[in-house]
Amino acid sequence: MRVKWFLAGLGILAVCVAVQADPHNSPLAVTVPVSDDNGANETITVPLTLPADATPLDMMRIPHGSFTMGSPTTEQHRDSDETQHDVTISRDFYIGKYEVTNAQFRAFRSGHDSSIYDGLILYEDNHPVVYVSWNDAVAFCAWLTAEYGSAYPGMTFRLPTESEWEYACRAGTTARCYWGEDPNQDQACGYANGADLTAKGRWSNWTVWNCSDGFTKVARVGKFKPNPFGLRDMIGNVWEWCNDWYGTYPSGPVADPIGQHSGSHRVLRGGSWSNLPGYCRSAARSFGEPDDVSYDLGFRVVLSSRTP
Ligand SMILES: [Ca+2]
Ligand SMILES: [Ca+2]
């Protein structure tokens, strides 16, 4: 099922139907704790066997804390599923500095092909991997844990929860995007690869930002300025699968939420190079079925002592 991640050129939203189960707000299971009072900005590199010049699988330590998830009702391009609520992330965790790349994913599944879009190749080593389903992303995380997990006792690789993703994306910011409100959509191009004037040069009917980011299609990961945590491409480039089933947010404060108990669609975050600019926001939500694949759906991984 195609959902909210369609081309900038369509200019309309599909009707989204998702199972709306009761919110599940109970604390997560705890395994071996991570020190919670230091180590912020620490980076570890998972020692994948990669081609020369391939971007490493760097993981950045994100300090625990609290934030307001969702968007205010006044936010430009807001959707109704972004109800604001306070979230506590109670433990530090690591998250990929970059989106998972083709080379990294091919260390797991050597034949993976991220294909082409309108004649433009998407399969370079340092392009973000695409044409990966939620199931594929979960399989990659399980493989990482099996192959490399012994180096990180008590922790496993997995997809971020939706709240971890937004906490990491915002990095303490509260505006529409981590570079600011950007009401005229002319500041984004240094920070994110979105649908921009470069892309409009090829697809003239697209709705785009009022700036040129230099990339018609996916960019190699890490080409844009980081957010305040040092993470790249959280907004834009490719949508990122999260662990959660999609559903309605809780209305009150929660700690370490993990989304719905069950559902039919998994959460996608961050917007993409081909998306309507309104989806390239910290609070914007989308979703897809667990076996959906597309030219702009990818992911990044978390290393954590918590198991959602
Ligand atoms: Ca672009
Ligand atoms: Ca992204």
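You'll find the structure just up there.
Colleague: Any chance you could explain the nonpolar core here in plain terms?
Modeller: Inside soluble globular proteins, nonpolar side chains tend to come together where they are buried. Core analysis: the largest hydrophobic core is formed by 70 residues, its most contacted members being I95, A137, L159, A168, W241, V301 and L303. Elements with a minimum of two residues in this core: β3 (57-62), β5 (85-89), β6 (93-96), α2 (134-148), α3 (162-170), β10 (239-245), β12 (266-269) and β15 (302-304). If one sorts the elements of this core by residue count, α2 sits on top with five residues. Beyond its immediate stretch of four places on either side in the chain, A168 contacts I62, I95, P160, F229, L231 and M234.

Colleague: So what exactly am I meant to see when it comes to the sheet that holds β6 here?
Modeller: Two modes of strand pairing occur in sheets, parallel and antiparallel, and in both the strands are linked by backbone hydrogen bonds. One open sheet holds the five strands; their spatial order is β2-β3-β6-β15-β9, and the pairing between them is antiparallel. Looking at the sheet topology across the chains shown, the edges are occupied by β2 (43-46) and β9 (156-158). Neighbour-to-neighbour, the strand axes of this sheet turn through a mean angle of 30°, independent of strand direction. Where β6 lies against β15, two bridges are found, and the strand directions are antiparallel. Counted as the bridge partner of I95 is V302 from β15.

Colleague: Explain α2 here, please?
Modeller: An α-helical turn contains 3.6 residues, so a residue and the one three or four places further along point in the same direction. If you check α2, its first and last C-alpha atoms are 21 Å apart, about what 15 residues at 1.5 Å a residue would give, namely 21 Å. Buried within α2 we find W134, D136, A137, F140, C141 and L144. On an axial view of α2, the arc spanned by its buried residues comes to 165°, and they lie on one face.

Colleague: Mind showing me how you'd approach the sheet that holds strand β4 (residues 65-69) here?
Modeller: The strand order β4-β5-β11 describes an open sheet built from three strands, whose pairing is mixed. Each edge of the open sheet is held by one strand with a lone partner, namely β4 and β11 (254-255). When β5 meets β11, the two strands line up parallel, connected through two bridges. Paired with V87 across the strands is V254, a residue of β11. Of the strands in this sheet, β4 and β5 touch α3, which is tilted by about 90° from β5.

Colleague: Help me understand the pairing of β6, please; the structure alone is not making it clear to me.
Modeller: Regular strands show a simple pattern: their side chains alternate between the two faces of the sheet. Of the two faces of β6, the one holding F93 and I95 and the one holding Y94 and G96 are both buried throughout. Sheet analysis places β3 next to β6, joined by four bridges and oriented antiparallel. Pairing of I62 across the sheet is with F93, part of β6.

Colleague: In this structure, what is going on with the pairing of β12? I would like to understand it.
Modeller: Burial of β12 is two-sided: the residues R266 and L268 facing one way and the residues V267 and R269 facing the other way are all buried. Pairing of β10 with β12 involves three bridges; the strand directions are antiparallel. Bridge pairing in β12 links W245 to R266. Looking at chain direction, β12 and strand β13 (residues 285-288) are connected through four bridges and run antiparallel. Its bridge partner being in β13, R266 is matched across the sheet by G288.

Calculation rules
- Residues numbered from 1 in each chain as written.
- Chains lettered and ligands numbered in written order.
- Predicted model: local features only at pLDDT ≥ 70, side-chain atom pairs only at ≥ 80, totals over all residues.
- Core = buried A, V, L, I, M, F, W, Y, C linked by C-beta atoms within 7 Å.
- Buried ≥ 20, exposed ≤ 12 C-beta atoms within 10 Å, placed from the backbone.
- Helix = DSSP H or I, 4+ residues; strand = E, 2+ residues; numbered from the N terminus.
- Contact = placed C-beta atoms within 7 Å.
- Pairing = 2+ DSSP bridges.
- Axes fitted to C-alpha atoms, helices over the stretch in contact; angles between N-to-C directions.
- Expected span 1.5 Å × (residues − 1).
- Arc of directions from axis to C-beta.

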